[in-house]
There are 2 protein chains.
Amino acid sequence: MADVARLAGVSSQTVSRVSNGYAGVNEETRQQVLAAMKELGYRPNSAARALKRGEFRTIGVITFTLSTTGNVRTLEAIATSAAAEGYAVTLLPVAVPTQDEVRGAFSRLEELAVDAVIVIMEVHLLDAATVTLPPHVQVVVVDSDAGSHYTVVDTDQSGGTRTAVQHLLDLGHLTVWHLAGPEDSFAAQRRADAWHGALTDAGRPAPPVVRGDWSAESGYRAGLELAAQEDCTAVFAANDQMALGLLRALHERGRRVPEDVSVIGFDDIPEASSFLPPLTTLHQDFAEVGRLCVQAVLRKMRRDGPQRGTTLVPTRLVLRDSTAPPPGGGAGEV
Amino acid sequence: MADVARLAGVSSQTVSRVSNGYAGVNEETRQQVLAAMKELGYRPNSAARALKRGEFRTIGVITFTLSTTGNVRTLEAIATSAAAEGYAVTLLPVAVPTQDEVRGAFSRLEELAVDAVIVIMEVHLLDAATVTLPPHVQVVVVDSDAGSHYTVVDTDQSGGTRTAVQHLLDLGHLTVWHLAGPEDSFAAQRRADAWHGALTDAGRPAPPVVRGDWSAESGYRAGLELAAQEDCTAVFAANDQMALGLLRALHERGRRVPEDVSVIGFDDIPEASSFLPPLTTLHQDFAEVGRLCVQAVLRKMRRDGPQRGTTLVPTRLVLRDSTAPPPGGGAGEV
DNA sequence: GTGGCTGATGTTTGCGTAAACATCGGCGGT
DNA sequence: ACCGCCGATGTTTACGCAAACATCAGCCAC
């Protein structure tokens, strides 16, 4: 910077002013400084800048494996939104969802250059790990019900699920089975609860829950069980991947979709429209979730707006070919 | 830090020594300092540290959309490997693969706190954008043939493709059609070239290339074309997602897989085993690619080892149910 | 005992930047 | 003409840390 100042014949402070787009610099001087910067290939040192300003303009994102579409898409949206706000995003992967690993990620975080953190995981693991967050680091959480303790942004799991169940009931199915996600996922739990609630509200019996782990393979295994249930005519899968496995299992067992069994998924991954048959599912607006996360965390940093509470992003039902009235037409109900 | 020093009754330099795990500190003193740190909740300021040391211990990763499995898995592996080496990973998303956007990402990078960059995209876009990288920032590239100009780490596209083609020829197919990826992807181009080379080497005719854009939807559209080709008994899809769409198109047109048409994919995404039928494909070791990227970039930073050149990671053929001898048994060939 | 050495610790300094304050020339109002 | 003010720029300082150097006590060899 001193070199630039010398070359431009000004003081380093003026260089600083130009580089920060400060007002009150003569246009002529400004051009000289810019020219000098270019000639010397000057680029501001972000470490020094951060040191002086006391902030890094960086947001940390903590998440488990990036193997679920939702996390990835959310992360991508966060990165994009953050970039638009002039913030960088630092990734803090947690290999295994154990308390030790989570604690490890947070202790790494302790000496990491971030102003705020967005956590994409069930917050219980976070609390259980008894982490102590740096006091000035703001936190926003996705996939959690901890709205009273943290700022939470999430898809409206409950609303989406009720839409799915209602869609199947409207088609005439007497009840809807549920292929749930893993128990330690808040999203999975929330979907299972809403499914149960929707059935109960409609006065329908709730079949036993079949559980997977989000993977297509687990959906296949669960599907083999469901295929054996004679009275199962409609299944709500907690995500599209498991729905894919379910479709394969049903196909193998000779149960046609949607003629014999209707299947509805959750997420609307890009591939869902290419399943056999194309999958009816609930579209999640991950981009919006990511955007809201960034906004929320920036608002917290600036200390305006609420410090906690939950923001829900609505889902949208995407009708494709995997749902239809039950065998016999379902006229018995409508 | 001064507070800690005061509380522990030592100088700030001793605190620094303890916090950096320096030798030559009396165990007793050390414990006192640690106690003081804990009491005051001291945590080192990474900005000051970076300023003093002249490095950030951060690697930037530039990539297009995280919607392809490969990029995501590579990114994840990079993040994990980097963390193991004590490095953080900063994400630089490029929304659209235009030169302007790429240039934008790099200019953001200019004032970003990174010591090195890993680029996950075709390097032509990078060069075309006439970016000027900060001189001391090291670069490693994935998905590119720029081995003579950059350090490149990539999956062995060519070897994998030849394995796929050979597998189909060995089953007795007279030739293999190719559902290729977009032209601007180096990986897609490389796979297409290798496919053509393998056929030529075997003295087989090369059918016209059908092109998609990696998405399942594009695979479906291409699949409708392929299904109309009476003599098409084997297809090599450049990735699993397109293979998924292809399977759907073939199914819709009444062409059975693998009885009438064999399909082989590339990537081995987790869902591939749940396709209808489960997909034979080439497994890519993304974790290894990511690990090697980090190693390569660190080696460059430390200035030991080669500054350029290409490292290839082998693929592995995963046999499932989507490939079989051609109708008629293929005995005419073997 | 004295010189030289080692290991433990303290002191000084500067990394690159930007806030705070200082300076200085010019301009309008009285 | 003089005061005061404003806009443009320069000077000083401190951000938190760690390298370099300085100090100092204890110990060994002769």
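Residues numbered from 1 in each chain as written. Chains lettered and ligands numbered in written order. Predicted model: local features only at pLDDT ≥ 70, side-chain atom pairs only at ≥ 80, totals over all residues. Heavy atoms only, no water.

For the rest of this paragraph, the subject is the side chain of Ser 81 of chain A. The residue Ser 81 of chain A is located in helix H5 (residues 69-84) in this model. Judged by relative accessible area, Ser 81 of chain A falls into the buried class, the value being 14%. (Helix = DSSP H or I, 4+ residues; strand = E, 2+ residues; numbered from the N terminus. Buried < 20%, exposed > 50% of the residue type's maximum accessible area, 1.4 Å probe, protein only.)

Let us look at the protein's contact with DNA strand C. Close contacts around DNA strand C come from 23 residues, with Met 1 and Gln 13 of chain A together with Asn 26, Thr 29 and Lys 52 of chain B the closest. Counting only atoms of DNA strand C within 4 Å of the protein, the fraction found in sugar and phosphate groups is 54%. Contacts to DNA strand C include Tyr 42 of chain A, whose side-chain N or O atom sits 2.7 Å from a phosphate oxygen. Residue Arg 17 of chain B places a side-chain N or O atom 2.9 Å away from a base nitrogen belonging to DNA strand C. For the surface near DNA strand C, the secondary structure elements donating two or more residues are helix H2 (12-19) and helix H4 (46-53) of chain A together with helix H2 (12-19) and helix H4 (46-53) of chain B. If one sorts the elements of the surface near DNA strand C by residue count, H4 of chain A sits on top with four residues. Class assignment of the residues belonging to the surface near DNA strand C gives a composition of eight nonpolar, eleven polar and four charged. (Near = heavy atom within 4 Å. Polar contact = N/O pair within 3.5 Å; in protein donor to acceptor, adjacent residues only side chain to side chain. Nonpolar A, V, L, I, M, F, W, Y, C, P; charged D, E, K, R; others polar.)

Time to look at empty space enclosed by the protein. The gaps left among the atoms become clear once a water-sized probe is rolled over them. Under the defined criterion, the tally for this structure stands at two cavities of 30 Å³ or more. There is about 60 Å³ of room inside the largest cavity. Lining the largest cavity are Leu 244, Leu 247, Ser 274 and Leu 276 of chain A together with Leu 244, Leu 247, Arg 248, Ser 274, Phe 275 and Leu 276 of chain B. Elements supplying a minimum of two residues to the lining of the largest cavity: helix H11 (240-252) of chain A together with helix H11 (240-252) of chain B. (1 Å grid on protein atoms, 1.4 Å probe; cavity = no way out; pocket = protein on both sides within 12 Å on 5 of 7 lines; lining within 4 Å. Points joined across faces, edges and corners; volume = space filled by probe spheres on them.)

Residues and elements named next belong to chain A. Parsing chain A into structural domains produces domain 1 (2-44), domain 2 (55-154 + 286-312) and domain 3 (157-285). For domain 2 versus domain 3, the separation of C-alpha centres amounts to 29 Å. Between domain 2 and domain 3, the residue contacts involve eleven residues of the former and eleven residues of the latter. Regarding the contact of domain 2 and domain 3, the summed buried area is about 960 Å², with carbon and sulfur atoms giving 50% of it. It is Thr 69, Asp 143 and Phe 286 in domain 2 that bury the most area against domain 3; as a group they hold 44% of the surface buried on that side. Between the two partners, domain 2 and domain 3, sit zero salt bridges. Counting across the domain 2 and domain 3 interface gives six residue pairs in polar contact (both at pLDDT 80 or more). (Domains from an automatic or database assignment. Contact = heavy atoms within 4.5 Å. Buried area = accessible area lost by both parts, 1.4 Å probe. Salt bridge = Lys/Arg side-chain N within 4 Å of Asp/Glu carboxyl O.)

In this structure, the amide linkage connecting Leu 276 of chain A to the following residue, Pro 277 of chain A, adopts the cis form with an omega of -5°. Within the fold, Pro 277 of chain A resides in the loop between strand E9 (262-267) and strand E10 (280-283). A cis amide bond, omega 5°, links Val 257 of chain B with the succeeding residue Pro 258 of chain B. Positionally, Pro 258 of chain B belongs in the loop between H11 and strand E9 (262-267). Phi is positive for Trp 214 of chain B, close to 90°, though the residue is something other than glycine. Turning to its location among the elements, Trp 214 of chain B is positioned in the loop between strand E7 (210-211) and helix H10 (216-227).

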